[in-house]
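Survey of secondary and tertiary structure
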Number of protein chains: 2
Amino acid sequence: MSKQKEFMTEAVELSRKAIEQNEGGPFGCVVVKDGKIIARGNNKVTSSNDPTAHAEVVAIREACKNLDTFQLTGCEIYTSCEPCPMCLGAIYWARPDVVYFANTRKDAADIGFDDAFIYEEIPVDPSARKLKMVHLHDDAAAEIFKAWKDKTDKIEY
Amino acid sequence: MSKQKEFMTEAVELSRKAIEQNEGGPFGCVVVKDGKIIARGNNKVTSSNDPTAHAEVVAIREACKNLDTFQLTGCEIYTSCEPCPMCLGAIYWARPDVVYFANTRKDAADIGFDDAFIYEEIPVDPSARKLKMVHLHDDAAAEIFKAWKDKTDKIEY
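Residues numbered from 1 in each chain as written. Chains lettered and ligands numbered in written order. Predicted model: local features only at pLDDT ≥ 70, side-chain atom pairs only at ≥ 80, totals over all residues. Heavy atoms only, no water.

**A word on the overall build of chain A**
For clarity, the cut-off: A run of DSSP states H or I qualifies as a helix once it reaches four residues; a run of E qualifies as a strand once it reaches two. Both are numbered from the N-terminal end. We call two residues contacting when some pair of their heavy atoms lies within 4.5 Å. Only the protein chains shown count as cover for residues, and the accessible areas themselves come from Shrake-Rupley with a 1.4 Å probe.
Check the secondary structure of chain A and you find seven helices and five strands. Ordered by position from N to C terminus, the α and β elements of chain A give α-β-β-α-α-β-α-β-α-α-β-α. Its C-alpha atoms give chain A principal-axis dimensions of roughly 55 × 40 × 25 Å. Long-range contacts, defined as pairs at least 24 residues apart, comprise 48% of the intrachain contacts of chain A with a sequence gap of at least 6. Here chain A displays about 6,500 Å² of accessible surface, and carbon together with sulfur accounts for 47% of that area.

**Brief notes about the side chain of Ser15(B)**
Examined against the element boundaries, Ser15(B) turns out to sit in helix H1 (residues 3–20). Apart from residues no more than four positions distant in its own chain, Ser15(B) is found in contact with Ile144(A), Pro26(B), Phe27(B), Gly28(B) and Ser80(B).

**Section: the side chain of Asn43(A)**
Our working rule: In the analysis that follows, any N or O atom pair within 3.5 Å is treated as a polar contact, provided that within protein one partner can donate a hydrogen and the other can accept it, and provided that, for residues neighboring in sequence, both atoms belong to side chains.
By secondary structure assignment, the location of Asn43(A) is in the loop between strand E2 (36–42) and helix H2 (45–48). A distance of 3.0 Å separates the side chain of Asn43(A) from the backbone nitrogen of Gly25(A), its partner in a polar contact. Of note is the side chain of Asn43(A), whose polar atom sits 3.1 Å from the backbone nitrogen of Val45(A). Dropping the residues within four chain positions of it, Asn43(A) is found in contact with Ala18(A), Glu23(A), Gly24(A), Gly25(A), Phe27(A), Ala53(A), His54(A), Ala55(A) and Tyr157(B).

**Things to note about the packing of aromatic side chains**
Operational definition: Planes of paired rings set the category: under 30 degrees apart is stacked, over 60 is edge-to-face and the rest tilted, where pairs are Phe, Tyr or Trp rings (Trp by its six-membered ring) whose centres lie within 6.5 Å. In this scheme, a residue with accessible area under 20% of its type's maximum is buried, one over 50% is exposed, and one in between is partly exposed, where area comes from a 1.4 Å probe on protein chains only.
Counted by the stated rule, this structure contains 16 aromatic pairs over all chains. For the pair Phe117(A) and Tyr92(B), a centre-to-centre distance of 5.8 Å together with 85° between the ring planes defines the contact as edge-to-face. Of the two residues, Phe117(A) is situated in helix H6 (residues 115–121) and Tyr92(B) in helix H4 (residues 85–94); the pairing between them involves two chains. Given a relative accessible area of 27%, Phe117(A) falls into the partly exposed group.

**With respect to the pairing of strand E1 (residues 28–33) of chain B**
Within a regular strand, side chains alternate between the sheet's two faces. All names here are of chain B. We count it as follows: In short, DSSP must find at least two bridges between two strands for them to pair.
Across the six residues of E1, five count as buried, placing the element largely inside the fold. Bridge count for E1 against strand E2 (residues 36–42) is six bridges, and the pairing is antiparallel. Its bridge partner lying in E2, Val30 is registered against Arg40. In textbook terms, the turn of a hairpin is the stretch between consecutive antiparallel strands, and for E1 and E2 this stretch comprises two residues, one of which, Asp34, has a positive phi near 50°.

**Side note on H1(B)**
Rule in force here: Multiplying 1.5 Å by the residue count of a helix minus one yields the expected span of that helix. The arc under discussion is defined with respect to the helix axis, by the directions toward the C-beta atoms.
Its 18 residues place the ends of H1(B) 26 Å apart at the C-alpha level, agreeing with the 26 Å of an ideal helix rising 1.5 Å per residue. Buried residues of H1(B): Phe7(B), Met8(B), Ala11(B), Val12(B), Leu14(B), Ser15(B), Ala18(B) and Ile19(B), and no others. Looking down the long axis of H1(B), one finds its buried residues gathered within 150° of arc, a one-sided arrangement. Buried residues in H1(B) make contact with helix H7 (139–150) of chain A together with E1, E2, strand E3 (75–81) and strand E4 (98–103) of chain B. Count one or two residues on from H1(B) and you reach Asn22(B), which has phi positive near 50°.

**Describing the sheet that holds E3(B)**
Sheet strands associate in pairs through backbone hydrogen bonding, adopting either a parallel or an antiparallel arrangement. Formally: All axes here are fitted lines through C-alpha atoms, helices being fitted over the stretch that makes contact, and every angle between N-to-C directions spans 0 to 180 degrees.
Spatially, E5(A)-E4(B)-E3(B)-E1(B)-E2(B) is the arrangement adopted by the five strands of the open sheet, whose pairing is mixed. If you trace the sheet from one side to the other, it starts and ends with strand E5 (132–135) of chain A together with E2 of chain B, each paired once. Averaged over all neighbouring strand pairs, the angle between strand axes comes to 20°, with direction disregarded. Examined bridge by bridge, E3(B) and E4(B) share five bridges and lie parallel to one another. Bridge pairing in E4(B) links Glu76(B) to Val98(B). This element, H7(A), spans E3 and E4 of chain B of the sheet and lies at about 55° to E4(B).

That's the geometry; what it means functionally is another story.
If you want it as structure tokens, here you go:
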């Protein structure tokens, strides 16, 4: 079995565990560094009452904890399904080298998940989304952005 | 001061705290239900080594914990900046009634954050993104999706 197949199989096994143990939806993920799994995650939305507890988010948080960093440079992510926009955003912020996925967003939509719907909504202007979004300009909020720009001891991410 | 202004001011104060206490980037968020703040969050990416610890994600997780649910039906979200795609995805999964935001994604890009770049990447086909993404079909992953579809005691979200 190739290493890629081995890591994907582990991600898929985590997705099986998620549903067999009623922890959440059928999604699993592993993070690999230097040819070894350094973190695992499976969906725990319904068991932990956390809508952000998707497999990728759980695995990324665990990997960062284990590596003591907020960046996954040099890491590979194997996930049993194409990341939803939330997880894809989390992946961009974590900055791994590559993402491997098995099932697709269409497969996820076909079994009742909102991934495809959210993908449609993201590029829409905030004022035109199905979710009501309202821009309230705030001078103090703008000032704090300026303070960040001018801050000399900031840690960028 | 209107209630909207009051809640946004609280979100902005959290963004100030985030940078003054070196917890993370200049972002704050509150979740409101029945006219009261039920959860607060500020960015803690760099202080908690968690790339997912954006203000909205922190506030949503806290709100769900406090409400003992994985859904924010009937809630309003006030955030000091337009949500990045990760946070927007988290918001769609949490399903609040409305989102109010102050600074925009362009304002965030202007002070060095990747929000606008990630917004550009999300609608691109996975095979064409700047981040390398590889589709590895896996029969077992497909089987587990089918098992979820057929599962009679599942909790949908």
